[in-house]
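Residue-level structure breakdown
Single-letter residue listing:
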Amino acid sequence: MTLLRSLTLGLLGGTALADGALAQSITVYTSQPNDQMAAVVEAFNADHPEITVEVFRTCTTELMSKLQAEFAAGGTPADVMLIADAVAMTQLKNDDRLLAYADAPVEGIPEALIDPDRMFFGTKLITTGIVYNTNLVTEAPTSWTDLAKPEIAASTIMPSPLYSGAAVIHVGTMVQQPGFGWDYYETLAENGAVAGQGNGTVIEAVARGEKAYGMIIEYMALNAKAEGSPVDFVFPTEGVSSITQPVAILKDSDAVEAAKVFVDWQLSRAAQEQSVTQGYFPVIEGVAPPAGYPEPASLTILGADPAKMLAEDQATKEAFADLFGG
């Protein structure tokens, strides 16, 4: 179930923000892992001790369900969204839940990561590829098609779009590829592949040797490798799906100025350099990727239509559940 974690770092009182407003508290709803988010808040408060940050963290799907229930009840305490899933963020935009921030500091950030109406902004480049257990696999896979082979699929686990925003993007991207589509997932299911919940269940299963292969976001696999787990990661030859962990301010926030300070910081070089230490590709030009990562420009990013992904979101989740269970 959901995990509520409140991080109350910062100082309250008469300290003023840059525009003269009094210090405020903001609530951030996020899908970023707890330990990473704690470090994010600590780094933010080193620059902005006048703003207290409270965090509610769970998977994107559960966050969206929580928000919808809160909206139906009259309002949410959330001021900022920081989630993996641009499709979910687009839904919030379409539902008129987000605040336009025309003056957000987006210099150096690729235009493709910025909502045209300046309602949300990509903060990272996160790709999905293949993790494998080095104790169990003697020949590393190189492509997505490798996972569909019967002897490999039977030992493959993937995250579910019913729980993971990253999986929503990955499945939605793969089914739009001419060479894959739903036929690919049907073959995986027929050959014994299974779905867990989020990406955390995938890295745990592969690191423990319960499964030999997995579909996963790259930083979880590469962080686990760096920490000594018997895993390695492959960027498949056909290309990778990508998510951008967008940040946005909710329209009905009662702490808009403080929320803008948090968004500004997320888009800053300091935040990008901090995210690199957590294993993320940066989005600002001139910031080096983590050690051992390829240059972002060298990656093949699989294209997908986010509007189509949003329109087919429920049908995609139902089709996935029919194949792999809910």
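Our structure is the block above this text.
These lines cover the structure that appears in this document, whether it is placed above or below.

What counts and what doesn't
Residues numbered from 1 in each chain as written. Predicted model: local features only at pLDDT ≥ 70, side-chain atom pairs only at ≥ 80, totals over all residues. Heavy atoms only, no water. Salt bridge = Lys/Arg side-chain N within 4 Å of Asp/Glu carboxyl O. Helix = DSSP H or I, 4+ residues; strand = E, 2+ residues; numbered from the N terminus. Buried < 20%, exposed > 50% of the residue type's maximum accessible area, 1.4 Å probe, protein only. Contact = heavy atoms within 4.5 Å. Axes fitted to C-alpha atoms, helices over the stretch in contact; angles between N-to-C directions. Parallel < 35°, antiparallel > 145°, perpendicular 65-115°, else oblique. Nonpolar A, V, L, I, M, F, W, Y, C, P; charged D, E, K, R; others polar. Core = buried A, V, L, I, M, F, W, Y, C linked by side-chain atoms within 4.5 Å. Polar contact = N/O pair within 3.5 Å; in protein donor to acceptor, adjacent residues only side chain to side chain.

What follows concerns the pattern of salt bridges. Scanning the model with the defined rule gives ten salt bridges in all. Notably, a salt bridge pairs Glu111 with Arg118, separated by 3.6 Å at the nearest N-O pair. Here the salt bridges share partners, and the residues they tie into one network are Lys93, Asp115 and Asp117.

All right, on to unusual backbone geometry then. A positive phi is found at Asp96, a non-glycine position, where the angle reads about 60°. One can find Asp96 in the loop between helix 3 (86-94) and strand 5 (121-122). Of the residues examined, Asp96 reaches a relative accessible area of 43% and is grouped as partly exposed. Positive phi, normally seen in glycine, also occurs at Arg118, with a value near 55°. Within the secondary structure layout, Arg118 lies in the loop between helix 3 and strand 5.

Right, let's get into the environment of Tyr280. Looking at where Tyr280 falls in the secondary structure, it is placed in the loop between helix 11 (269-277) and helix 12 (306-311). The class for Tyr280 is buried, based on a relative accessible area of 0%. The spacing of Tyr280 and Tyr219 is 61 residues in sequence and 6.1 Å in space, taken between C-alpha atoms. Not counting the four nearest positions on each side in its chain, Tyr280 is found in contact with Gln32, Pro33, Gln36, Lys124, Ile126, Tyr219, Gln245, Ser275 and Pro290.

Direction vectors running N to C along helix 6 (residues 165-174) and helix 7 (residues 181-190) enclose 115°, while the axes themselves pass 7 Å from each other. In terms of their interaxial angle, helix 6 and helix 7 are classed as roughly perpendicular. Contacts between helix 6 and helix 7 pair His170, Val171 and Met174 from the former with Gly181, Trp182, Tyr184 and Tyr185 from the latter. Here the contact of helix 6 with helix 7 is built from residues that sort into five nonpolar, two polar and no charged.

The next subject is the nonpolar core. The biggest cluster of nonpolar side chains holds 33 residues, and the ones touching the most others in it are Ile26, Val28, Met37, Val53 and Phe121. Those elements giving two or more residues to this core turn out to be strand 2 (25-30), helix 1 (34-47), strand 3 (52-57), strand 4 (80-82), strand 12 (246-249), helix 10 (256-266) and helix 11. With six residues, helix 10 is the largest single contributor of residues to this core. Counting 27 residues, the second-largest nonpolar core is a separate cluster that includes Tyr280, Tyr293, Met309 and Leu310.

What follows deals with the side chain of Gln36. Turning to its location among the elements, Gln36 is positioned in helix 1. Side chain to side chain, Gln36 and Gln32 meet in a polar contact 3.2 Å long. Not counting chain neighbours up to four residues away, the residues in contact with Gln36 comprise Tyr219, Asn223, Gln278 and Tyr280.

The next point concerns the environment of Tyr219. Looking at the element boundaries, Tyr219 is found in helix 9 (residues 218-226). Tyr219 gets classed as buried once you look at its relative accessible area, which sits at 5%. Measuring from C-alpha to C-alpha, the distance between Tyr219 and Ile126 comes to 7.5 Å, with 93 residues separating the pair along the chain. Apart from residues lying up to four places away in sequence, Tyr219 is in contact with Pro33, Gln36, Ile126, Gln278, Gly279, Tyr280 and Tyr293.

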